[in-house]
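So you can see what is in the structure, the chains are spelled out below.
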Amino acid sequence: MTLPIPSGTRDVLPDEMRERHALVAALREHFAHCGYGEVATPAVEYASVVERAGIGPTDDAARPRFRTVDEHGETLVLRSDMTVPIARLVASRFTDVEPPIRLSYVAHCYRGIVPGRGDARELLQAGIELCGAGAPDGTAEALTVLVGALRAVGLEGARVAVGDASLFPALLADVGVDEEARTAILHELATRDHVGLERELRRATDATTAALLLDVAGRRGGQELLDDLPDERVQRAAGGMRQLLDGLDEEVASRVILDLGLTRKLGYYTGAVFEVYAPGQGHAIGGGGRYDELLGRLGRPLPAVGFALDVDALHTALAGVPRGRWRIDPTTAAEATR
Ligand SMILES: N[C@@H](Cc1c[nH]c[nH+]1)C(=O)O
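Residues numbered from 1 in each chain as written. Predicted model: local features only at pLDDT ≥ 70, side-chain atom pairs only at ≥ 80, totals over all residues. Heavy atoms only, no water.

Now for helix H10 (residues 239-246). Of the positions making up H10, those classed as buried are Met241, Leu244 and Leu245. Burial along H10 is one-sided: seen end-on, the buried residues are contained in an arc of 95°. Looking at the buried side of H10, the elements it contacts are helix H4 (137-153), strand E7 (159-164), helix H5 (167-174), strand E9 (256-259) and strand E10 (272-277). (Buried < 20%, exposed > 50% of the residue type's maximum accessible area, 1.4 Å probe, protein only. Helix = DSSP H or I, 4+ residues; strand = E, 2+ residues; numbered from the N terminus. Arc of directions from axis to C-beta. Contact = heavy atoms within 4.5 Å.)

This is the structure we're talking about:
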């Protein structure tokens with residue numbers, strides 16, 4: 001008899017667990033080497049505290065999906081990511097600590113899923129948060145740690161798509177699109193619905209501007225992409241990306257693909273956003289970005305940036321890499337955890 005477990009969750013058996021331990025050990029070592037101290041936070045938080053983070057509409061992946069009421073009648077939520085709990089931690093436990101504050105984590109998070117899409121309801125994330133370091137230097141540091149993490153586990157073929165969550169809002173304001181139409185357009189952009197995006201753009205602007213914005217949303221490529229932007233307003237809106245690229249070292253920049261239409265399903269991003277892609281994987285295996293307003297909403301205004309890798313997705317991506325090229329050693333990890 002096979003007893004079911006909730007969709008989007010999984011059991012992990014010993015062989016896979018041994019490799020997962022090795023993978024996580026390599027990531028932990030890398031984060032520590034880069035100066036990030038590991039923290040743990042509770043899997044449950046008070047709903048009232050998370051609400052202060054001002055998480056967006058119901059399709060925002062940062063909005064907790066699992067709620068329960070404790071013995072005092074307080075509503076508790078299962079965390080949906082580590083960025084909000086760490087922002088809470090920094091705002092309440094690191095009040096006197098001089099920034100930048102560098103923290104890392106390996107933790108399970110819980111999300112709602114769209115049935116049939118293969119999303120994880122429970123996912124193991126390994127990531128960092130760099131609080132108190134603005135753009136572009138803080139962003140460059142986070143990207144450098146990210147690229148180093150991919151190298152530390154031997155995933156040489158991975159690429160990091162970099163976009164900017166402020167690019168389209170700035171551009172839409174610049175071309176005079178009103179607030180309501182802007183929200184509809186940004187929604188289509190976030191869901192990567194090209195047809196819907198075209199429809200909303202045509203509704204909100206004239207045909208030439210709509211065509212320009214649609215073209216910008218589809219631009220993806222190397223650094224030369226920024227040298228060839230079609231319009232002064234687009235060049236202005238992409239100024240942050242230019243500055244970021246100028247500050248990256250060559251090795252990190254060689255892993256970056258610019259994606260002007262990139263947005264993430266988490267509403268707290270205010271600037272650069274990243275997504276990690278590995279050969280043969282249909283979904284991103286990690287992502288991150290700048291969230292310069294979140295900490296302020298929780299009581300300690302600091303610019304911040306971070307990323308999280310989906311450990312299981314990273315593991316699956318590594319399975320496509322010949323064993324001899326893994327930088328992690330599952331045998332040693334097995335001994336270490338025995
Ligand atoms: N919390 C984000 C990743 C991230 C960390 N810091 C900023 N963003 C996620 O779950 O995808």
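Here the focus is the site of the ligand. Lining the immediate environment of the ligand, one finds 17 residues, of which Asp81, Thr83, Arg111, Glu129 and Tyr269 sit closest. Side-chain polar atom of Glu129 to a nitrogen atom of the ligand: 2.8 Å apart, as the coordinates give it. Note that an oxygen atom of the ligand is positioned 3.0 Å from one of the side-chain N or O atoms of Arg264. Contact with the protein chains removes 99% of the 300 Å² of surface that the ligand exposes when unbound. Contributions of two or more residues to the shell around the ligand are made by strand E6 (122-131), strand E11 (286-290) and strand E12 (304-310). Classifying every residue of the shell around the ligand by side-chain character gives seven nonpolar, six polar and four charged. (Near = heavy atom within 4 Å. Polar contact = N/O pair within 3.5 Å; in protein donor to acceptor, adjacent residues only side chain to side chain. Areas by Shrake-Rupley, 256 points an atom, 1.4 Å probe, with all protein chains shown as cover. Nonpolar A, V, L, I, M, F, W, Y, C, P; charged D, E, K, R; others polar.)

Our focus in this paragraph is the layout of surface pockets. There is about 150 Å³ of room inside the second largest pocket. Surrounding the second largest pocket, 14 residues form its lining, Ala135, Asp164, Gly240, Ala272 and Arg290 being those nearest its centre. Those elements that place two or more of their residues in the lining of the second largest pocket are E7 and H10. It is H10 that provides the largest number of residues to the lining of the second largest pocket, a total of four residues. Of the residues assigned to the lining of the second largest pocket, the class counts are five nonpolar, six polar and three charged. (1 Å grid on protein atoms, 1.4 Å probe; cavity = no way out; pocket = protein on both sides within 12 Å on 5 of 7 lines; lining within 4 Å. Points joined across faces, edges and corners; volume = space filled by probe spheres on them.)

Once that is clear, we can look at the nonpolar core. Among soluble globular proteins, nonpolar side chains are generally buried collectively. One finds Leu155 and Phe274 to be the most contacted residues of the largest nonpolar core, which totals 73 residues. The biggest single contributor to this core is H4, with nine residues. (Core = buried A, V, L, I, M, F, W, Y, C linked by side-chain atoms within 4.5 Å.)

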